[in-house]
Structures are given as structure tokens and as C-alpha cells.
Amino acid sequence: MANSASGMNVSDECKLKFLELKGKRTYRFIVFKIDESAQQVEIEKLGNPEETYDDFTNSIPENECRYAVYDFDFTTEDNCQKSKIFFIAWAPDTSRVRSKMLYASSKDRFKRELDGIQVELQATDPSEMSLDVIKERAL
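About the cut-offs
- Residues numbered from 1 in each chain as written.
- Predicted model: local features only at pLDDT ≥ 70, side-chain atom pairs only at ≥ 80, totals over all residues.
- Heavy atoms only, no water.
- Helix = DSSP H or I, 4+ residues; strand = E, 2+ residues; numbered from the N terminus.
- Buried < 20%, exposed > 50% of the residue type's maximum accessible area, 1.4 Å probe, protein only.
- Contact = heavy atoms within 4.5 Å.
- Areas by Shrake-Rupley, 256 points an atom, 1.4 Å probe, with all protein chains shown as cover.
- Lys, Arg positive; Asp, Glu negative; His and termini not counted.
- Charge placed at Lys NZ, Arg CZ, Asp CG, Glu CD.

**Quick word on the overall build of the protein**
Then, in step 1: Across its full length, the protein holds four helices and six strands.
Then, in step 2: By principal-axis analysis of the C-alpha atoms, the protein measures approximately 50 × 30 × 25 Å.
Then, in step 3: Within the protein, buried positions represent 40% of all 139 residues.
Then, in step 4: At a minimum sequence separation of 6, the contacts of the protein that also span at least 24 residues come to 61%.
Then, in step 5: Entry remark: accessible area of the protein is about 7600 Å², with carbon and sulfur atoms responsible for 45%.
Then, in step 6: Computed over 20 positive and 26 negative side-chain charges, the separation of the two mean positions in the protein equals 5 Å.

**What about the environment of Ile134?**
Then, in step 1: Among the secondary structure elements, Ile134 is positioned in helix α4 (residues 131–138).
Then, in step 2: The exposure class of Ile134 is buried, given its relative accessible area of 0%.
Then, in step 3: Expressed as a C-alpha distance, the spacing of Ile134 and Phe72, which sit 62 residues apart in the sequence, is 8.0 Å.

Given below as C-alpha cells:
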């Protein structure tokens, strides 16, 4: 088992798909999960560019921890089109304690593998990652 200081291994696919989201905007979002038996972070779902924030939140299980990256497009007060890449650590109160500990201890290492994250959110409840929260953090 990977020790908590080093966290999990990260599959190459995670890094490649993140680079595609960041550089080519091939995806709107990516949901990641930890495969405990393989001791690594893997991709669970890729969201197409036309998918909405609701599609994204519906892709995250209600009672299980996940990491996610979301490419949020918005317009500034100066009418400029911008985009920010959010990293969301989802750890609902209803998830297993072991799972929460595993995701918490692996988060920093995993995040370091994804160069280009601009905003980080930690959520234990859907209201903590609502679209209003995302908009507020983007500006």
C-alpha cells in the first residue's frame, strides 16, 4: 500500500486527459476515482465540451468520494470571455471514513500531477459546489 505521505499512483491517462482538457478543451470535465486494489487514481468519466454543470454534478456519486476537474467558462464584468479550471475534492459526510482518509491523504500529490489548476474547492455537501459557488470563486 502506498504510504499516506506519497499518496496514490496516478495513471498516465489521468495526466494525458487533463492536458487535453486544459490545452485543447476536448472535455468539459473529468471525474477521477481511486481504485483501492490497484492503488492508483483513474478516470471514471469524461464530460464532452457541450455538457453542462448539471451533467457534471450528476456524474459524481452522492455517497462516495471523488476528485474532479471542471473547465468553467464565464464572462467578466468587462464582457471578456474567460475560463478557469477547478479542482474539486468531493468527500460527502455519508462516505466511508476509510475512503475519506484515503482521498484526503492522496489529494495533494494528485493535484501536483495536474499542472494548471486555478481554483480548488473541497465539498462535503452539494451546496458547497453549487454553480453559484463556482461563479463566485471564478471572479
